[in-house]
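# Working through the structure, step by step
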Amino acid sequence: MIELRSTLAGRITLAVLATLILLFLAMPIIVIVVTSFGKDAFGNFPPSSWTLGWYKQLFADGSKWPAALSLSALVASLTTLFSLVLGMTAATALVRSELPLRSAVYGLVLAPLVIPQVVIALGLFLLFEPAAMLGSPIAIALGHTVLAAPIGVMILMATLKGIDERLEDAAASMGAGRLTVWRRVTLPLAAPGLVAAGIFSFITSFDEFFISQFLSSVDTVTLPVKVFNVLQYNVDPSVTAVSAILIAVAVVALALVAVVRKLGGSGKQDGLLLTEPTVGLTAGSETSS
């Protein structure tokens with residue numbers, strides 16, 4: 001096989017192109033964050049003067065932004081709980097059991113990710129409206145779970161596939177029941193995947209708009225819906241501050257995922273199953289002696 005040698009000019013060109021692509025992708029985020037500190041939030045970029053006034057306005061007396069923020073946090077927390085329960089159950093069934101029509105079931109689980117969100121939102125509206133659940137945080141969280149759970153399933157399936165099944169078999173051979181094996185062996189090893197799935201579920205719910213728009217009411221408005229309503233009926237510069245907060249939440253969440261993967265990665269199982277190398281070494285030493 002011919003190995004292509006990299007040249008200094010090629011490395012420089014690649015670095016410049018990669019930097020330009022990253023700047024292009026990050027430019028809208030940079031503009032929003034920088035503009036949120038400008039005195040005229042919808043003026044020129046970069047701002048001519050700087051202020052924290054838009055952030056102070058968010059939490060001023062009479063502001064409705066804190067209520068929307070707290071509702072989004074509550075709904076996202078409930079969605080995370082529901083998604084982890086459903087995700088872990090579905091991932092275990094798809095990875096650890098002989099499930100009939102596994103490919104079809106897996107495709108059905110991932111279907112909400114490819115179906116237009118407005119279609120899912122309309123279906124959820126028709127489901128919850130006769131039950132008088134519109135505006136309920138539980139209903140909004142259940143709707144968000146439809147989108148968040150498939151992401152959790154994919155992450156947890158990858159996590160379970162990376163866990164050596166011999167550990168579970170060893171615990172079962174020593175008399176541990178299914179629940180004990182799951183609680184004492186599988187769950188601790190799958191903890192990094194659970195944390196990552198929970199974080200992505202939280203982000204998915206916290207930023208979700210279509211389902212929240214269809215299932216919310218006048219008194220229960222999530223943060224993305226509040227931003228849409230404000231921009232639709234008037235121009236409020238504090239929207240840039242809210243957008244910057246949403247960006248910060250996503251960045252912090254992704255940083256947590258990276259930290260969790262680094263601290264609790266696949267190396268957690270290293271050294272737990274050294275039976276085969278140890279046996280081979282012992283046999284070789286006995287033969288030589």
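For the structure, see preceding data.
All of the points below concern the structure found in this document. Small disclaimer: the values here were computed from a predicted structure and weren't measured.

With that settled, consider a nonpolar patch on the surface. Judged by side-chain polarity, Leu8, Ile12, Val16, Leu17, Leu20, Leu23, Met27, Ile30 and Phe45 come together as a nonpolar surface patch covering roughly 820 Å² of accessible area. Residue placement: Ile30 occurs in helix 1 (residues 8-35). What makes Ile30 partly exposed here is its relative accessible area of 36%.

The next subject is the packing of helix 3 (residues 65-96) against helix 11 (residues 223-233). The geometry of helix 3 relative to helix 11 is characterised by a closest axis approach of 8 Å and an angle of 145° between their N-to-C directions. Contacts from Trp65, Ala68, Leu69 and Ser72 of helix 3 reach helix 11 at Leu223, Pro224, Lys226, Val227 and Val230. Partitioned by chemical class, the residues of the contact of helix 3 with helix 11 number seven nonpolar, one polar and one charged.

For the structure shown, the criterion picks out five aromatic pairs. A ring pair is formed by Phe209 and Phe210, whose centres lie 5.4 Å apart and whose planes are at 65°; its orientation type is edge-to-face. Given the relative accessible area of 36%, Phe210 is considered partly exposed. Residues Phe209 and Phe228 carry aromatic rings whose centres are separated by 5.0 Å and whose planes lie at 55° to one another, so their mutual orientation is tilted. Linking Phe209 in the loop between helix 9 (191-206) and helix 10 (210-215) with Phe228 in helix 11, this pair joins segments that are 19 residues apart in sequence.

Below, the discussion takes up the nonpolar core. Counting residues in each nonpolar core, the largest one holds 17 residues, and the members touching the most others are Met88, Leu156, Met157, Leu160 and Val185. Looking at this core, the elements that each hand over two or more residues are helix 3, helix 6 (137-161), helix 7 (165-173), helix 8 (178-189) and helix 9. Leu156 has contacts with Gly87, Met88, Ala91, Gly193, Leu194 and Ala197, leaving out every residue within four places of it along the chain. Tyr55, Leu223, Val227 and Ala241 belong to the second-largest nonpolar core, a separate cluster that totals 15 residues.

Criteria and thresholds
- Residues numbered from 1 in each chain as written.
- Predicted model: local features only at pLDDT ≥ 70, side-chain atom pairs only at ≥ 80, totals over all residues.
- Heavy atoms only, no water.
- Patch = residues over 30% accessible without salt bridge, like charges linked within 9 Å, V, L, I, M, F, W, Y side chains within 5 Å.
- Areas by Shrake-Rupley, 256 points an atom, 1.4 Å probe, with all protein chains shown as cover.
- Salt bridge = Lys/Arg side-chain N within 4 Å of Asp/Glu carboxyl O.
- Helix = DSSP H or I, 4+ residues; strand = E, 2+ residues; numbered from the N terminus.
- Buried < 20%, exposed > 50% of the residue type's maximum accessible area, 1.4 Å probe, protein only.
- Axes fitted to C-alpha atoms, helices over the stretch in contact; angles between N-to-C directions.
- Contact = heavy atoms within 4.5 Å.
- Nonpolar A, V, L, I, M, F, W, Y, C, P; charged D, E, K, R; others polar.
- Phe/Tyr/Trp six-rings, centres within 6.5 Å; stacked < 30°, edge-to-face > 60°.
- Core = buried A, V, L, I, M, F, W, Y, C linked by side-chain atoms within 4.5 Å.

Geometric descriptors of this kind do not, in isolation, establish any biological role.
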